[in-house]
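Commentary on secondary and tertiary structure
Residues per chain, in single letters:
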Amino acid sequence: IPLNRVYDPTDLEGLNYARDLGYPGRYPYTRGVQPTMYRGRLWTMRQYAGFGTAEESNERYRYLLSQGQTGLSVAFDLPTQIGYDSDHPMAQGECGKVGVAIDSLADMEILFDKIPLDKVSTSMTINAPASVLLAMYICVGEKQGVSMDKLSGTIQNDILKEYIARGTYIFPP
């Protein structure tokens, strides 16, 4: 069946196109974030991964990328999610269990060693310390010679969910 790349108001009757539907790639994004959907740009394929040390997670990421993934989705361990270093007493027994332990910029450098950040989109599932981890990511990019405008990806900074559901917040509401 032949398909148009984009359908417009002439293809629909009885609908206020701008109000009810809108164009793809434009607010209110009812038809996706890409103007031609994913015909012009494929979606990013990621597997949520991260465990143990930065070295172990880096090895996993490089394997996943070698198998065709086009992006990374970083899982951080619970101490990292709530802003504790791995040697903090509250972190005992939780480091590296449900994600990778990141305590410093050196850990982030190891996590993304031999991974070209200008060619890989990275999603980081992190809430309370999102700004700190994003700053570290930007620094790793700079050390790789990749400027901020060449980095791509997302951070999860859904702190209200942390207050309401999980309790993994650092600062009070």
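Quick look at helix α5 (residues 130-143)
The end-to-end C-alpha separation of α5 is 20 Å, in line with the 20 Å expected for 14 residues at 1.5 Å each. Listing the buried residues of α5 in full gives A130, L133, M136, Y137, I138, V140 and G141. Its buried side turned inward, α5 meets α3 (78-81), α4 (105-111), β4 (121-125) and β5 (152-156). Positive backbone phi, approximately 85 degrees, marks G145, located one or two places after α5.

Some details on the side chain of N58
With respect to the helices, strands and loops of the structure, N58 is situated in helix α2 (residues 54-66). Residue contacts for N58: discarding those within four places in its chain leaves I110, L111, F112, D113 and I115.

What to know about the pairing of β5
Where β4 meets β5, 5 bridges bridge the pair, whose relative direction is parallel. If you follow T122 over to β5, its bridge partner there is G153. Between the parallel pair β4 and β5, the chain is carried across by α5, and the sense of this crossover is right-handed.

Here's the deal with the packing of aromatic side chains
Evaluation of the coordinates by the stated rule reveals 1 aromatic pair. Here F112 and Y137 contribute two aromatic rings whose centre-to-centre distance is 5.2 Å and whose plane-to-plane angle is 75 degrees, an arrangement assigned as edge-to-face. Separated by 25 residues along the polypeptide, F112 in the loop between α4 and β4 and Y137 in helix α5 bring together distant segments of the chain. When sorted by exposure, F112 lands in the same class as Y137, which is buried. Against the face of Y23 rests R26, its NZ or CZ located 5.5 Å from the ring centre.

Rules used in this analysis
- As a convention, each chain's residues are numbered from 1 in the sequence order in which they are written.
- With pLDDT at 70 or above as the cut-off, local features in this predicted model cover only qualifying residues; side-chain atom pairs require 80 or more to be listed or tallied, and sums for whole chains, interfaces and linings still use all residues.
- Water and hydrogen atoms play no part in the side-chain values, which are based on all heavy atoms of the structure.
- Numbering goes from the N terminus for both helices and strands, where a helix is a DSSP run of H or I of at least four residues and a strand is a run of E of at least two.
- One fewer than the residue count of a helix, multiplied by 1.5 Å, yields its expected span.
- Here the term buried applies to any residue with accessible area under 20% of the maximum for its type, exposed to any over 50%, and partly exposed to those in between, with areas from a 1.4 Å probe on protein chains only.
- When checking whether two residues touch, look at their non-hydrogen atoms; a contact exists if any pair is within 4.5 Å.
- Two strands form a pair only when DSSP identifies at least two bridges running between them.
- Think of it like this: strands point away, you trace from the first strand over the helix to the second, and a clockwise trace means the crossover is right-handed.
- Stacked, tilted and edge-to-face pairs are distinguished by plane angle, under 30 degrees for stacked and over 60 for edge-to-face with tilted covering the rest, among Phe, Tyr and Trp rings (Trp via its six-membered ring) whose centres lie within 6.5 Å.
- Two thresholds decide whether a charge sits over a ring: the Lys NZ or Arg CZ must be within 6 Å of the ring centre and within 35 degrees of the ring normal.

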